[in-house]
Amino acid sequence: MKIAFALVAHYPTDDRVYFQLAETLKQAGHKVFIISTLTDNCDLPDIQCFDSKGWSKKLLIDKLQDCFSNCNPSIIICDNPIAILAAGKYKKLHKEIRIVYDVTEWYPSKKNLKELPFFKKIMKIILLSCLSVYAGCLTDAFVFGEHYKAKPFRFLFSWKKYIYLSYYASIDQINIYPQKNIHEKCNLFYSGPLTIEKGFDKVLDVSNHTAKNHPETKFILTIITGTNDYPISTDLPENLLIQRKGLLPFSDFCKEIGKYDLFFDLRTNDVENTRSLPIKLFYYMACGRPMIYANLKAIRQGVPEMEQMGYLVNPMDLNEICECISNYLSDDELYKSHCETARKSALEKYNWDIIKDGFIQLISEL
């Protein structure tokens, strides 16, 4: 079959879409096209993209329909209700096509409501929620990335085909490195936006306090990010070095992260974040290294054995987080056990190869 991905919220080489969903469909013999509205800068084959920033919704939908006409798909996999509106309009002329909604984002989400006055925020929530429900009506099947984001659609459209397809890593893409003696040198790692909402300020505080508490250990905090607008103090303990790197291509990121000893994600534990499963968790897990994450409901639901391979913490409790790191520094067996459990869990349960056949089956049944 010819299958098109219509991406309004993701770039054409998005990790999950390009390296997992699309690649799996190609391996199954399907012809795959990717359409993205976020950039006009991609020259890979079978990718159509354009930058729709500032466009009206009507113009965006019309452009997507033109792209569908160019590739003539049997199935359109959409990441957003706007993409589904375009696919639904195209389906009126091509009754045989099927629409799949790959639900990985909240809609509406807090980024849709940023800086709006209270009453306008309420009105927009109602409007976007109605749009989301309408998109569900147009959809023939759902792919759910996680439990909480699936709940409204499972409740409203319980008769429609669906599959849970989590964000597990492709194990063969991860480079494995031997464990090191973290008493002498401990490599800390953070990847993501340098914002308070994502907990970057907490990562800096934890790194500073831990270095002061353990002067005998050399700490290196490596940051991989696409932003450079967060001021980082140069007044650091002598045994702490902070190095910042730019964004890496996905394959390079997978090869790089296994070099580090301990991963952080201390995002704010708000209503939306706590019900969102962080995708990088499964890549860190596959490296065979411990993780210290904010205590999110989505992690407890999606990875119930998380505390056998890391810690779930209150991101506001600096002492608790520092104590978790101290536990690893003072207990070799604990660190080794969490490393081994993380890698074993990724190999036996949380990896893409285990779940990808279900995706192919769902597409084939359509």
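Please refer to the structure placed before this passage.
So, here is what we can say about the structure in this document. (Residues numbered from 1 in each chain as written. Predicted model: local features only at pLDDT ≥ 70, side-chain atom pairs only at ≥ 80, totals over all residues. Heavy atoms only, no water.)

### Some remarks on empty space enclosed by the protein
Unoccupied space between atoms shows up once a probe the size of one water molecule is rolled over them. Overall, the coordinates contain one cavity of 30 Å³ or more when judged by the stated rule. Residue lining of the largest cavity: Tyr18, Lys26, Val32, Ile34, Pro45, Asp46 and Ile47, and that is the complete set. At the level of elements, helix H1 (15–27) and strand E2 (31–36) are the ones that each hand at least two residues to the lining of the largest cavity. Per-class residue counts for the lining of the largest cavity are five nonpolar, no polar and two charged. (1 Å grid on protein atoms, 1.4 Å probe; cavity = no way out; pocket = protein on both sides within 12 Å on 5 of 7 lines; lining within 4 Å. Points joined across faces, edges and corners; volume = space filled by probe spheres on them. Helix = DSSP H or I, 4+ residues; strand = E, 2+ residues; numbered from the N terminus. Nonpolar A, V, L, I, M, F, W, Y, C, P; charged D, E, K, R; others polar.)

### Considering the environment of Asp14
Assignment of secondary structure puts Asp14 in the loop between strand E1 (2–7) and H1. Between the C-alpha atom of Asp14 and that of Ser36, which follows or precedes it by 22 residues, the distance is 9.9 Å. Among the polar contacts listed, one links the side chain of Asp14 to the backbone nitrogen of Val17, at a separation of 3.1 Å. (Polar contact = N/O pair within 3.5 Å; in protein donor to acceptor, adjacent residues only side chain to side chain.)

### Some words on the side chain of Arg16
By the element assignment, Arg16 lies in helix H1. Judged by its relative accessible area of 4%, Arg16 is buried. (Buried < 20%, exposed > 50% of the residue type's maximum accessible area, 1.4 Å probe, protein only.)

### A few points about the layout of surface pockets
Size it by volume and the second largest pocket reaches roughly 590 Å³. Surrounding the second largest pocket, 27 residues form its lining, Val8, Leu38, Lys57, Asn80 and Asn112 being those nearest its centre. At the level of elements, helix H2 (57–71), helix H3 (81–91), strand E5 (98–103) and helix H4 (118–138) are the ones that each hand at least two residues to the lining of the second largest pocket. Sort the elements by how many residues they give to the lining of the second largest pocket and E5 lands first, with three residues. Its residues placed into classes, the lining of the second largest pocket shows 12 nonpolar, seven polar and eight charged.

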